[in-house]
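An overview of the molecular structure
As a plain string of letters, each chain reads:
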Amino acid sequence: MSMQVGEVIKKLMMLGVMATINQDLDFDTASLVATEFGVTVQELPPEEDPTEIAEIEDDPASLVLRPPVVTVMGHVDHGKTSLLDAIRQTHVTTQEAGGITQHIGAYKVTCQGKKIVFLDTPGHEAFTAMRARGAQVTDIAILVVAADDGVMPQTIEAINHAKSANVPIIVAINKIDREGASPDRVKQQLSDHGLVPEDWGGDAIMVPVSAHKKTGINELLEMILLVAEMQEIKANPNRQAFGTIIEAKLDKGRGPVATVLVQKGTLHIGDSIIAGTAYGKVRAMINDRGEKVKKAGPSTPVEVLGLADVPQAGDDLVAVDEKIARAVAEKRIAKRRTDELMQSQKVSLDDLFKQIQDGNIKDLNIVIKADVQGSVEALRQSLLALNNGNAEVRVNIVHAGVGTINESDVMLASASNALIIGFNVRPDANSRKAATAEKVDIRMYRIIYEALNDVEAAMTGMLAPTFKEVIQGRVEIRQIFTISKVIIAGAYVLEGKIFNSSQVRVIRDGIVVHEGALESLRRFKDDVKEVAAGYECGVTVDNFRDLKEGDILEVFTMEQIKPKG
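For every chain, the first residue of the written sequence is number 1, and numbering continues from 1 along that sequence. Two thresholds apply to this predicted model, a pLDDT of at least 70 for residue-level local features and 80 or more for giving and counting side-chain atom pairs, whereas whole-chain, interface and lining totals are computed over all residues. The side-chain quantities take in all heavy atoms of the structure and omit both hydrogens and water.

1. Quick word on the confidence of the model for the protein
Low pLDDT marks regions whose predicted coordinates should not be analysed in detail. For the protein, the average pLDDT comes to 79, and 83% of its residues sit at 70 or higher. The quantity called pLDDT is the predictor's confidence in a given residue, expressed from 0 to 100. When checking whether two residues touch, look at their non-hydrogen atoms; a contact exists if any pair is within 4.5 Å. Low pLDDT (under 50) marks residues 122–126, which in the prediction has 12 contacts with non-local residues, meaning those over four places away or in another chain.

This is the structure in structure tokens:
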């Protein structure tokens, strides 16, 4: 404005605003003051989010018709897969690579010279996962209902998903060749859920089919084309590609492989692409028939090779300039890291109640490891039963398995913010170090009720930590001697120290076989108080004679913890 600061501040004071030289003003105040000086103010456009890529608006004149994308939904066992198979067999040409259809989660069929794309994905999951990320993939939903079974809970769920996504529904009444098939009963049930058939004066298209006998398939495809025609499904093929990741995996030989449904534009080999936090260049594309292709237009499903990382299903795939792809991917990774750090306050039983009260935790994630499958199941059932009485927090079993607690268990617990409950098993040295580094709480128990009581007490804030186990050392048994009926183990101290007053735990292949006290500790012929790491010693364990070579003795002591405050 080329005015003295004092003048502006004076004017503000006159307007009743006390402001200093480095204070921000809102737009209204700024424009008011500027008007007093005869200056007009324009508001700056909002800052662009560096993790977002600007959407290209297509000119309506550039849009051309594209094949409709169809998802098949319905209740389990109502014949979704067999219907897809019947469509595939009757309409996918057999001149494929050895007559084998590549399973890439989507494929094209041709009917009356027009193409239709089917998404071969579990209906609800595809809808919910992708809609949660704001992706609209499907143009038409086919709802499969068995004529002999009628409307089921998942059928209603599918109707609701399709309606909330504003996707037109075509009903395929399947299994009409079965005994007890009653299409009219199905129509009646569907009418109760807002799908009134056309022949009853409604607008829902219903086609009786039999996937088994392959009848009604053509009629179904014709109806899809009719609905697609009415909807005028269009896209611009002459622009940079935009699509959605349908599924993605890490292939041993080919690296990250993503199945992409191109929705707008055309994807070419050599294009720089970004999907979520993964970016790269299109090295190769394979269509649903296993053929390598050079480009993929709208409504074309292809497997894409060349991403540096595995993206998530539902991520948008955009073809952009290489520099932009790298910059946006780095920003997205940084943003995800900060989001994770915000949430990564690790859970431990000691401060669980506080975290519940602070509202940080709604789910208590647990990794279970036990010595036998029976114990795993018993613990799983009992822990999940705690959900019944507690509305504050839900117990969620992330993983349950048999065997010693290993490093991958700790990493899983760290990633899912879980605590580990070990039943009659111990962590090995590496996983103990990893747990300390990742701040994962590992709890070991030998009685199921103790584990349950501790978790329940922690959930209600009643957990009283009284004794804490301190590991003093680890000793490996190298040789067994029997001298006048006394079994002595020749041992080597691997880490820490062993004391003659220590408690010991005998571990064989990661499983606890005995817990008790030391009877004697010797070096050569003398009784000693302690033996340090790197030295050999002779030990006998109180009331336990079944020591074997290769057993590990875990030496520990119990320390009393003073109550806090």
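2. Remarks on the side chain of D441
Inspection of the secondary structure puts D441 in the loop between α12 (429–438) and β21 (442–445). Each residue gets one of three labels from its accessible area relative to the maximum for its type: buried under 20%, exposed over 50%, partly exposed in between, using a 1.4 Å probe on protein chains only. A relative accessible area of 14% places D441 in the buried class. A polar atom in the side chain of D441 sits 3.4 Å from the side chain of R443. Secondary structure elements follow DSSP: runs of H or I no shorter than four residues count as helices, runs of E no shorter than two count as strands, and numbering proceeds from the N terminus. Between N or O atoms, a polar contact is any pair within 3.5 Å; within protein, one atom must be a potential hydrogen donor and the other a potential acceptor, and residues adjacent in sequence are included only when both atoms are from side chains.

3. Quick notes on the pattern of salt bridges
Any Lys or Arg side-chain nitrogen located within 4 Å of an Asp or Glu carboxyl oxygen qualifies as a salt bridge. Enumeration according to the criterion identifies 22 salt bridges in this entry. The partner of E377 in a salt bridge is R380, and the shortest N-O contact between them spans 3.7 Å. Here E377 and its partner R380 are both found in helix α10 (residues 373–385), three residues apart, which amounts to about one turn of the helix. Judged by relative accessible area, R380 falls into the partly exposed class, the value being 28%.

4. Observations concerning the nonpolar core
To define a nonpolar core, start from buried Ala, Val, Leu, Ile, Met, Phe, Trp, Tyr and Cys residues and group those joined through side-chain atoms within 4.5 Å. If you look at the biggest cluster of nonpolar residues, it comprises 28 residues, and the most contacted ones within it are L83, F118, I142, L220 and I224. With seven residues, helix α7 (residues 217–231) is the single largest residue contributor to this core. The residues touching L220, leaving out its near neighbours within four places in the chain, are L83, I87, I142, I170, A172, V207 and V209. Listed in part, the 20 residues of the second largest apolar core include I368, L386, Y445 and I448.

5. A word on the sheet that holds strand β18 (residues 363–370)
Strand order across the open sheet formed by four strands is β19-β18-β20-β21, with parallel pairing between neighbours. Each of the sheet's edge strands pairs with one partner strand only, and the pair in question is β19 (394–402) and β21. Taken over all neighbouring pairs, the strand axes of this sheet differ in orientation by 25° on average, direction set aside. By the bridge criterion, six bridges tie β18 to strand β20 (residues 418–423) in an arrangement that is parallel. Strands qualify as paired when DSSP identifies two bridges or more between them. The axes are straight lines fitted to the C-alpha atoms, using for helices just the contacting stretch, and the angles between their N-to-C directions are given from 0 to 180°.

6. A short note on the side chain of R426
Among the secondary structure elements, R426 is positioned in the loop between β20 and α12. Relative accessible area serves as the criterion here: at 3%, R426 is assigned to the buried category. Those residues within four positions of R426 in sequence are excluded, and the remaining contacts are T404, I405, M444, E469, I471, R505, I507, G510, V512 and E554.

7. Some words on the environment of L221
Mapped onto the elements of the fold, L221 is located in helix α7. Along the sequence, L221 and Q112 sit 109 residues apart, while their C-alpha atoms lie 9.3 Å from each other.

8. With respect to the sheet that holds strand β5 (residues 140–146)
Adjacent strands of a sheet form backbone hydrogen bonds with each other and so pair up, either parallel or antiparallel. Taken in spatial order, the six strands make up an open sheet running β3-β4-β2-β5-β6-β7, and their pairing is mixed. The open sheet is flanked by β3 (106–111) and β7 (205–208), the only strands paired with a single partner. Pairwise comparison of adjacent strand axes, ignoring direction, gives a mean angle of 30° for this sheet. Two strands pair when backbone bridges link them, and β5 and strand β6 (residues 169–174) are joined in this way by six bridges, in the parallel orientation. Directly across from A146, in β6, lies its bridge partner N174. Against the sheet, helix α5 (residues 153–164) makes contact with β2 (69–74), β5 and β6, and its axis sits at roughly 165° relative to β5, the strand it touches most. Seen against the sheet, α7 touches β2, β3, β4 (114–119), β5, β6 and β7 and runs at an angle of roughly 100° to β4.

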